[in-house]
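Fold and contact review
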Amino acid sequence: MKITFPHMGTAYIPFRALIAGLGHEAITAPPCTQRTLNLGTRHAPESACLPLKINIGNYLEAAEQGAEAIIMAGGVGPCRFGFYAYVQQEILRDIGCGLEMIILEPPASGWRPLLARLKYLTQGVNAAQISRALRLTWAKLVACDRLEQLSLDIRAYELYKGSTTRALQEAHRQVDRADSVAGVRRAVQEGTAKLQSVPQDRQRPVLTMGVVGEIYTILEPFVNFRLEEQLGEMGVVVRRRLWLSDWILHHLILSSFRKQREAQLFRWAKPYLQHFVGGHGLESVAHSIQLAHGGVDGIVHILPFTCMPEIVAQSILPLVSRDYQLPILTMVVDEHTGIAGVRTRLEAFVDLLASRRAEANSHSRGRKSLAPAATYSS
Ligand code: SF4
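Residues numbered from 1 in each chain as written. Predicted model: local features only at pLDDT ≥ 70, side-chain atom pairs only at ≥ 80, totals over all residues.

On the basis of which strands lie adjacent, the open sheet formed by four strands has the order S2-S1-S3-S4 and parallel pairing. A single partner strand is all that each edge strand has here, and the edge strands are strand S2 (25–26) and strand S4 (100–104). One ladder, built from two bridges, connects strand S1 (residues 2–4) with strand S3 (residues 69–73); its direction is parallel. Opposite Thr-4, over in S3, you have Ile-70 as the bridge partner. (Pairing = 2+ DSSP bridges. Helix = DSSP H or I, 4+ residues; strand = E, 2+ residues; numbered from the N terminus.)

Shown next as structure tokens:
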């Protein structure tokens, strides 16, 4: 079967390894572009969240390349993600696109539906092949996240703009080409060495900024206007705590242990939020507090327009900002958002943080007081 999947950052690297490992042909849609977005917005309801629209565009572009089926994750909980794949299925049916939707949902109400779909996907391959495919997929997933994490530490110090991004892209290509777990390990070692050899000025003063928000918007650079790259190139070390490997581990694989993980997040989010609000709304609050304790200069909270869990977080973060004296910039993105507006807001925010840092430094030398924290909304 020719199977495709939605784009989400570098997720295409492990996903296509998994599909190929299960004996299917992986059809990777072209990277997300304005055309992808236009296709999605043409066919999705206007009020649907942005990731749903872009996914539709991915599917239609993959269908042009011969895809026959889609693997899509499902969800549970109060946000729209629980219905997401089913809505997409209906949209594709309405426009006469004959792609089959294979939905992999966390086993909230029993393992049977998930196991039936996995059985369907693994027809014709034996247990050893499945085990190898899963191990390779997991190795690639973790490798992509590790390399990206390292790049966030290096980019702010690079001497030549874009050199960290180029080294990261080459490292990701090597992970993509690897056809064994040992090969992925080698790719990570070489990629790490390549990233560490990027010419840097480690004496340069940098800012540290946290990024929190809706996971798709954080991970897909087309949607967030290459947020982390832009910040890094402005001299900002980016800290984030949401990674795709964690999401897959906790959302799809260990969802039965979700309560334990939530309990930890609730401890951090107390006293601001004591309910699961769907998506990553709870994480946005808890992670902001963790980042505040970690000493970041500021936080960017990014969400798609109308994202329900993040609207809850958005209403709480001004209190976190006030209590921790930490500036938080909220950025809402949709199909009308433009790169110039995003860049202007980021530059202004970085300037604000730099002036706060300068004032804090002079205050510590006994001259001026720290500027008040501020929360900005786009
Ligand atoms: S988390 Fe937000 S963007 Fe994602 S499906 Fe839920 S409401 Fe939509």
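Picking up where we left off.
Attention shifts here to the site of the ligand. The immediate surroundings of the ligand are formed by Cys-49, Pro-51, Cys-79, Arg-80, Phe-81, Tyr-84, Glu-214, Gly-279, Pro-304, Cys-307, Met-308 and Pro-309. Elements with a contribution of two residues or more to the shell around the ligand: helix H4 (81–94) and helix H14 (308–324). Residues that form the shell around the ligand fall into these classes: nine nonpolar, one polar and two charged. (Near = placed C-beta within 6 Å. Nonpolar A, V, L, I, M, F, W, Y, C, P; charged D, E, K, R; others polar.)

The geometry of a pair of packed helices is captured by two quantities: the angle between their axes and the separation between those axes. Orientation of helix H13 (residues 281–294) relative to H14, taken along the N-to-C sense of each, is 20°, at an axis distance of 8 Å. Classified by the interaxial angle, the pair formed by H13 and H14 is roughly parallel. For H13 against H14, the interelement crossing comes out right-handed. Along the contact surface, H13 presents Gly-281, Ser-284, Val-285, Ser-288, Ile-289 and Ala-292, while H14 presents Pro-309, Glu-310, Val-312, Ala-313, Ile-316, Leu-317, Val-320 and Tyr-324. Class assignment for the residues of the contact of H13 with H14 results in ten nonpolar, three polar and one charged. (Axes fitted to C-alpha atoms, helices over the stretch in contact; angles between N-to-C directions. Parallel < 35°, antiparallel > 145°, perpendicular 65-115°, else oblique. Left-handed = near helix turned anticlockwise from the far one by under 90°. Contact = placed C-beta atoms within 7 Å.)

Remark: helix H7 (residues 163–177) packs on helix H8 (residues 181–196), axes separated minimally by 9 Å, with the N-to-C direction vectors making an angle of 170°. In terms of their interaxial angle, H7 and H8 are classed as roughly antiparallel. Judged by residue contacts, Thr-164, Ala-167, Leu-168, Glu-170, Ala-171, Gln-174 and Val-175 of H7 engage Val-184, Ala-187, Glu-190, Gly-191, Lys-194 and Leu-195 from H8.

Our next topic: the confidence of the model for the protein. Mean pLDDT over the protein: 91, with 93% of residues reaching 70 or higher. Within the model, pLDDT remains below 50 along residues 367–374, and this stretch shows 18 contacts once partners closer than five positions in the same chain are excluded. (pLDDT = per-residue confidence, 0-100.)

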